[in-house]
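# Per-entry structural report
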Amino acid sequence: MGSFKVKLNGKYAKVRWKNGMRIIDFMHQLCVNRETHLAKKNGRLVSELEEVSAKDRIEIFGVVYGG
Amino acid sequence: MAVRCSKCNGTAVIYLPYGNENFCKKHFVDSFERRVRRTVREFRMIRKGDRIGAAVSGGKDSVTMLHLLRGICDSMRVPLVALSVDEGIEGYRARTLQVAKENCRKLGVEHKILSFKKEIGITVDEIAEREERMRTCSYCGVFRRWILNKAAREMGLNKLAVGHNLDDAAQTILMNFLRNEPFRLARFGPSGGIIKHEFFVDRIKPLMRIPERESAVYSIIKGMDIRFGRCPYAHEAFRNKVRCFLNDLEEEFPGTKFRVFNSFMSVRDVLGEKFNTNETPMKCKQCGELSSQEVCMRCRMLEELKFEK
Ligand SMILES: [Zn+2]
Ligand SMILES: [Zn+2]
């Protein structure tokens, strides 16, 4: 288990990472809902079921705001 | 390994948990547009001879709706005009209006911008200086609807399309249920109006079956240059709770929002019969617009604001 830096709404956040983890696993660790957030891997919009390898750049961003 | 599209094996851009499917750009766009067209057909939202206004705030839902309506209206030879309201919210509205303007220009849709200052005499920033947040939101909603209805009618439009999505619908249905508001619930729906009257422009909601996150994905794929921001005055505590509740449920039990909407649709006719107020709307004594009382909400609110000056 290593640690991984994810960009969450423009700011870096740390998550736990191990081989085979998917973006949705990061979302769960960060307590963000996939109904309100989308993800990009290496700058490309992807399904949250995408696996993350050690060198990937992951961005998670909110698209549904309260109020 | 990249996740593959369930239809063509291309790289997936979105996973739809309720259908357990991944879609590439092309297949997502195809499916999205097909669903919107189906909703428009199913509820007969647009007919030959209509003149459609689209309320475009510059957010993802309204701009997405405009892109789709453009194609639908063109194919039916129905005129389409976009209407935006400038509420006068410094540092927020200018940017979204720019997005609305730019997308109308790209699509070749006539665009009319109406302002609170001109139509009502006061901006939302000015209201906020003297009101609490929650009140500011209520004033804003009432004034915006009044402006849009009046402008649409004066421009000869008979329907006004709004960008309400499936999330908005499921929230509204649940909120009315939780608040025990059967009359309000009975008036809700994908098309039609709050009231039936030649003075009232019917509302249509082409995105009613589109989950909010999908409208965000569509707007990104289509390069609409949307910022996913929120109005600085946004304050709807109860709706926010219901939104979170529904999103949590949806994550655990995919398809929940569709089921809330479909359950409502299956009892809607019965609700309509039982909870019909049969109210005949009258014209407001002060502004001449439709109202359920002698003086409409907009005029009463304006009166309050003047009094509080
Ligand atoms: Zn595909
Ligand atoms: Zn009035």
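One numbering rule holds for all chains: residues counted from 1, following each sequence as written. Labels follow written order: the first chain is A, the first ligand is 1, and so on. Per-residue local features are limited, in this predicted model, to residues with pLDDT of at least 70; the limit for side-chain atom pairs, both in listing and counting, is 80 or more; totals at the level of whole chains, interfaces and linings are taken over all residues. As a rule here, side-chain values come from all non-hydrogen atoms in the structure, and water together with hydrogens is ignored.

Chain A has the name Thiamine biosynthesis protein ThiS in an unreviewed UniProt entry, where Fermentimicrarchaeum limneticum is given as its organism.

### Considerations on the coordination of the zinc ion (ligand 1)
Residue and element names in this part refer to chain B. Formally: Donor selection uses N, O and S atoms within 2.8 Å of the metal (3.2 Å for Na, K and Ca). Since no water is included, sites may look incomplete. Four donors are marked tetrahedral only if all angles between them lie between 85 and 135 degrees, whereas four are marked square planar and six octahedral if opposite donors are more than 155 degrees apart and the other angles lie between 65 and 115; the remainder are marked irregular. Under the DSSP-based scheme used, a helix requires at least four consecutive residues in state H or I and a strand at least two consecutive residues in state E, with every element numbered from the N terminus. Exposure classes here rest on a 1.4 Å probe applied to the protein chains alone. A residue is buried below 20% of its type maximum, exposed above 50%, and partly exposed in between.
Donor atoms from the polypeptide that bind the zinc ion (ligand 1) are C5 (SG), C8 (SG), C24 (SG) and H27 (ND1), placed at 2.1 to 2.3 Å. Around the zinc ion (ligand 1), the 4 donor atoms are arranged such that angles at the metal cover 101 to 113°; this shape is classified as tetrahedral. Coordination of the zinc ion (ligand 1) draws on donor residues from a single chain, spaced C-x2-C-x15-C-x2-H in sequence. Taken as a pair, C5 in the segment before β1 (14–16) and H27 in helix α1 (residues 25–42) lie far apart in primary sequence, 22 residues in all. Comparing C5 with H27, the two get one shared label, buried.

### With respect to the sheet that holds strand β4 (residues 80–86) of chain B
Residues and elements named next belong to chain B. Worth spelling out the cut-off: One requirement defines pairing of two strands: DSSP has to find at least two bridges between them. Any two residues whose heavy atoms approach within 4.5 Å at even a single point are treated as in contact. Every angle, taken between N-to-C directions, lies between 0 and 180 degrees, and every axis is a line fitted to C-alpha atoms, over only the stretch in contact when it is a helix.
The strand order β5-β4-β3-β6-β8-β7 describes an open sheet built from 6 strands, whose pairing is mixed. Lying at the two open borders of the sheet, with one neighbouring strand each, are β5 (110–115) and β7 (191–192). Summarising the sheet, β4 and β5 pair through 6 bridges and their orientation is parallel. From the neighbouring strand, S84 faces β5, where its bridge partner is I113. Packed onto the sheet, helix α2 (residues 60–76) meets β3 (52–55), β4 and β6 (159–161) and runs at close to 160° relative to β3.

### Some points on unusual backbone geometry
Negative phi values dominate among residues other than glycine, just as trans dominates among peptide bonds. Residues and elements named next belong to chain B. One non-glycine residue, N20, lies in the positive phi region at around 50°. Mapped onto the elements of the fold, N20 is located in the loop between β1 and β2 (21–23). Unusually for a residue other than glycine, R44 sits at a positive phi of about 45°. Considering the arrangement of structural elements, one finds R44 in the loop between α1 and β3.

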